[in-house]
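Structural overview
Chain by chain, the residues run as shown.
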Amino acid sequence: MMLKTVLETKNEVDLLTNSEDKVLLNKIERLDNELINYFSKIFVVDNALTRKLVSFQANKTRPYYRWYKYKEAFSANLVNYLFTKYSVKKGMILDPFAGAGTALFACCDLGYPAEGIELLPVGQKIIIANNIARTANKKKLVRALDYWVTERPWNNPGKIKEFEILRITNGAYPEDTHYKIRRYLYDIEKEEHEIKEILLFALLCILESVSYTRKDGQYLRWDYRSGRINGKSKFDKGRIIPFDEAMLKKLREIRDDIKNVNIQKDMFSFIQKKRNANTSVKLLQGSCLNILPGLKSRYYTGIITSPPYCNRYDYTRTYALEHALLGINESQLTSLRQAMLTCTVENKAKELTKINKEWRHAINICDNLPLLQSILTYLDIKKSQKQLNNNGIVRMVRGYFYEMACVIQECYRVLDDSGIMFMVNDNVRYAGVSISVDTILSKIAEEIGFKIKNILVLPHGKGNSSQQMGKHGRAVLRKCVYVWIKER
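Residues numbered from 1 in each chain as written. Predicted model: local features only at pLDDT ≥ 70, side-chain atom pairs only at ≥ 80, totals over all residues. Heavy atoms only, no water.

Within the chain, the regular secondary structure consists of 19 helices and 14 strands. Considering the chain as a whole, with its 488 residues, one finds that 56% of them fall into the buried category. Taking as baseline every contact in the chain between residues at least 6 positions apart, the subset at least 24 positions apart corresponds to 77%. Here the chain displays about 22100 Å² of accessible surface, and carbon together with sulfur accounts for 49% of that area. (Helix = DSSP H or I, 4+ residues; strand = E, 2+ residues; numbered from the N terminus. Buried < 20%, exposed > 50% of the residue type's maximum accessible area, 1.4 Å probe, protein only. Contact = heavy atoms within 4.5 Å. Areas by Shrake-Rupley, 256 points an atom, 1.4 Å probe, with all protein chains shown as cover.)

What follows is the structure in structure tokens.
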């Protein structure tokens, strides 16, 4: 009798819970549709925006841009397309989430000086090396690379230089490769600064290909040959390239691009010849949340960026091989993770008004945005019902939008009158609810003062995660480029 009573009570609670969920989901859907209708004249399906254009794929054949496979980057061609389509006036351009610097160098190729903010050491090193490759004495760089290709000094007997081994990188390389990496690191110390930076960069470019790992969204995926795999699933990444083969190919690629770029017949060749001191890249190292408030108001003509998506990807782990090589230890990796814009479940809540008290305005906008608050309420309920696969999802989604609102407020401040801002971003889905990142951020931007010019939609959306599809069915999520104007 007692068992029956307990079961009946549980069934009643489940029915009540399901009913409450349905009411809240209906409310979210209604508010979402209202915001979509509000921006209905702003949405434009742009057939020119292929997934290749709005990803790293289009960079694979471009000199300089092809050197490092930075999967989170958009293409240099996208910058050209947007700047031409919207007739961006000449002046300084900013990228608050510079990543590998694609936007910065593409702007310079078009004749715009550019500044970028980047927190992760791997991104900083990529930008520094690319800047050297474009501005240093090319003949000297080519001679040095010729020497390393011909002599292969890492194969000579000699001393080694150890590098950091993290818990998540331990055993990442075959024994012979691990030794050659350390030999290479020791020998590049003999080179002058600019050449050393290029050689270190070349090593960063090949780490994944010579390792037992593959970058896979939120983490490094390990090949079964590493000996780290437990359980039934055996991932085979395919051929693990020997160190010499990978390194020689990369050094030749960098050398040939530096040597031949001025005679390339690509769309930017005529601009490359006209580079001058006014079209340079400046790197600001650190978190944009800390750096943006110190930038000069109304200084930038345009902003183009792709922030981390609200998709749980932890870039400190994705690029763990590179960070270990650069000497980042466990505690420093944790600090980097917490300093990032909140986009992973391990991010702790940031006290935004302690960073900048002026951000109370952006925070109030988020507090009073019905769709955002309904989504957060729903996720809180799912957390209390133990129906989230990670309790940190609620904190992550809340932190993401509140921090992005602060970033948008700063971007508005530093843009000049009539300045334009482009942002590439994806919508996401959690616990069965689709989150329209595009309309929520655009509404926040409008409340801050931007005119929402367009929300350019890729003709083919992306699917939600396999976990979400298995539990809630397939949902096509919009991938967009937002175009916001700061009117006079």
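Membership of the largest hydrophobic core comes to 71 residues, with the highest contact counts inside it found for Leu379, Val397, Leu441, Ile444 and Trp484. If one sorts the elements of this core by residue count, helix 17 (residues 392-414) sits on top with 14 residues. Setting aside residues up to four positions removed in sequence, Ile444 forms contacts with Ile365, Cys366, Leu369, Phe401, Ala405 and Ile408. In terms of nonpolar packing, the next biggest core, distinct from the first, is built from 64 residues, Tyr173, Tyr315, Leu325 and Leu336 among them. (Core = buried A, V, L, I, M, F, W, Y, C linked by side-chain atoms within 4.5 Å.)

Turning our attention to the pairing of strand 7 (residues 300-305). Taken across its six residues, strand 7 has six buried, putting it largely inside the fold. The sheet contact formed by strand 2 (residues 93-95) and strand 7 spans two bridges and is parallel. By the bridge assignment for strand 7, Leu94 is matched with Ile303. Relative to strand 8 (residues 415-426), strand 7 runs parallel, the two sharing five bridges. Note that in strand 8 the partner of Tyr300 across the bridge is Leu415. (Pairing = 2+ DSSP bridges.)

Here we come to the state of the cysteines. Evaluated as defined, the whole model comprises zero disulfides. Left unpaired, Cys366 is separated from the closest cysteine sulfur, that of Cys406, by 7.2 Å. Residue classification places Cys366 among the buried positions, given a relative accessible area of 0%. (Disulfide = S-S within 2.5 Å.)

What follows concerns the packing of aromatic side chains. When we look at a pair of aromatic rings, we describe it by the centre distance and by the angle of the planes. Following the criterion strictly, the structure yields 20 aromatic pairs and no others. Seen from their ring centres, Trp148 and Trp154 are 6.3 Å apart, and the 20 degrees between their planes marks the pair as stacked. In this pair, the class of Trp148 matches that of Trp154, namely buried. Arranged with centres 5.1 Å apart and planes meeting at 80 degrees, the rings of Tyr412 and Phe450 form a pair that is edge-to-face. Taken as a pair, Tyr412 in helix 17 and Phe450 in the loop between helix 18 (437-448) and strand 11 (451-457) lie far apart in primary sequence, 38 residues in all. An aromatic cluster is built from Tyr147, Trp148, Trp154, Tyr184 and Phe243, whose rings are joined through pairwise contacts. Over the aromatic face of Phe105 sits the side chain of Arg134, whose NZ or CZ is 4.2 Å from the ring centroid. One residue, Lys486, lies across the ring of Tyr412, its end atom 4.7 Å from the ring centre. (Phe/Tyr/Trp six-rings, centres within 6.5 Å; stacked < 30°, edge-to-face > 60°. Lys NZ or Arg CZ within 6 Å of the ring centre and 35° of its normal.)

A separate point is helix 6 (residues 175-188). Between its terminal C-alpha atoms helix 6 stretches 20 Å, which fits the 20 Å expected from 14 residues at 1.5 Å a residue. Turning to helix 6, its buried residues are Thr177, Lys180, Ile181, Arg182, Arg183, Tyr184, Leu185, Asp187 and Ile188. Buried positions along helix 6 lie against helix 5 (138-151), helix 7 (193-210), helix 8 (243-260) and helix 12 (320-325). (Expected span 1.5 Å × (residues − 1).)

What follows covers the pattern of salt bridges. By the definition in use, this model includes 39 salt bridges. Between Lys215 and Glu208 there is a salt bridge whose closest N-O contact spans 3.5 Å. Exposure remark for Glu208: the relative accessible area of 18% places this residue in the buried category. A salt bridge links Arg317 to Asp314; the nearest nitrogen and oxygen atoms lie 2.6 Å apart. Exposure remark for Arg317: the relative accessible area of 23% places this residue in the partly exposed category. Exposure remark for Asp314: the relative accessible area of 1% places this residue in the buried category. (Salt bridge = Lys/Arg side-chain N within 4 Å of Asp/Glu carboxyl O.)

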